[in-house]
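What the coordinates show
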Amino acid sequence: MVEFVVSNVTMGFGRLNVTRSEIRIVIKLARQYTYHLSQSFFQSFLLGFLAYLTFWIDITDFTDRFMGSLTALLVLASLMSTLTESLPKTSYFKVIDFWLLFFLLSTSLNIAVHILVDRFYQKELKEKNAKNVVQVSFSSVSSKTNFALLIWSCQMSILAMTF
């Protein structure tokens with residue numbers, strides 16, 4: 001019982017009008033909130049923060065950004081499953097359920113943003129490469145045209161000198 005600490009123990013007499021001896025022991029337990037802070041909330045916050053830090057990885061390195069976020073999502077899902085098994089079953093949602101659901105959804109959204117950013121980045125690279133190919137072909141055509149005009153003008157000047 002790492003979740004509770006014994007706060008008070010009292011011992012007294014049991015019922016007096018019974019045929020056997022009785023003793024009454026009352027043990028008061030206090031919940032240790034530091035256990036849940038360290039084992040549940042801090043771990044999930046740290047994983048969510050690490051997933052958020054993947055936005056600072058270079059935009060050209062999609063694999064590392066995606067795998068970092070995906071790993072955080074998988075560990076969060078595993079942590080959620082482990083935590084919900086150890087908590088008592090209730091018919092209502094607990095704060096930890098909302099907390100973990102928030103981090104699962106935000107990390108999933110994080111992955112979706114990485115995919116969209118990479119999609120737009122790849123599209124921009126394709127457009128830039130296509131523009132460079134067109135510029136190279138036009139510049140090579142114009143340089144060929146300039147070269148042909150230079151040769152033609154040299155031939156014309158030679159012809160003019162001969163007459």
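Residues numbered from 1 in each chain as written. Predicted model: local features only at pLDDT ≥ 70, side-chain atom pairs only at ≥ 80, totals over all residues. Heavy atoms only, no water.

Observations concerning the overall build of the chain
Broken down by element type, the chain carries three helices and two strands. Taken from the N to the C terminus, the helices and strands of the chain come in the order β-β-α-α-α. A total of 163 residues make up the chain; the buried ones form 17% of that total. Put simply, of all contacts in the chain between residues at least 6 apart along the chain, 63% involve residues at least 24 apart. When the accessible area of the chain is evaluated, it comes to approximately 12,800 Å², of which 69% is carbon and sulfur surface. (Helix = DSSP H or I, 4+ residues; strand = E, 2+ residues; numbered from the N terminus. Buried < 20%, exposed > 50% of the residue type's maximum accessible area, 1.4 Å probe, protein only. Contact = heavy atoms within 4.5 Å. Areas by Shrake-Rupley, 256 points an atom, 1.4 Å probe, with all protein chains shown as cover.)

Let's talk about the pattern of salt bridges
Counting across every chain of the model gives two salt bridges. Lys94 is the salt-bridge partner of Asp97, the closest N and O atoms lying 3.7 Å from each other. The class for Asp97 is buried, based on a relative accessible area of 12%. (Salt bridge = Lys/Arg side-chain N within 4 Å of Asp/Glu carboxyl O.)

Some points on the pairing of strand 2 (residues 23–31)
Looking along a regular strand, one sees the side chains alternate between the two faces of the sheet. The buried fraction of strand 2 is low, at zero of nine residues. Where strand 1 (residues 4–13) and strand 2 come together, nine bridges link them in antiparallel fashion. Counted as the bridge partner of Met11 is Ile25 from strand 2. (Pairing = 2+ DSSP bridges.)

As for the environment of Leu101
Positionally, Leu101 belongs in helix 3 (residues 95–162). With 25 residues separating them along the chain, Leu101 and Leu76 place their C-alpha atoms 9.4 Å apart.

Points about the packing of aromatic side chains
This model, assessed by the stated rule, comprises nine aromatic pairs. For the pair Phe41 and Trp99, a centre-to-centre distance of 5.2 Å together with 70 degrees between the ring planes defines the contact as edge-to-face. Of this pair, Phe41 sits in helix 1 (residues 33–53) while Trp99 sits in helix 3, placing them 58 residues apart in sequence. Given the relative accessible area of 28%, Trp99 is considered partly exposed. Taking 5.0 Å as the distance between ring centres and 65 degrees as the angle between the ring planes, the aromatic pair formed by Trp99 and Phe103 counts as edge-to-face. Of the two residues, Trp99 and Phe103 are both situated in helix 3; the distance of four residues between them amounts to about one turn of the helix. (Phe/Tyr/Trp six-rings, centres within 6.5 Å; stacked < 30°, edge-to-face > 60°.)

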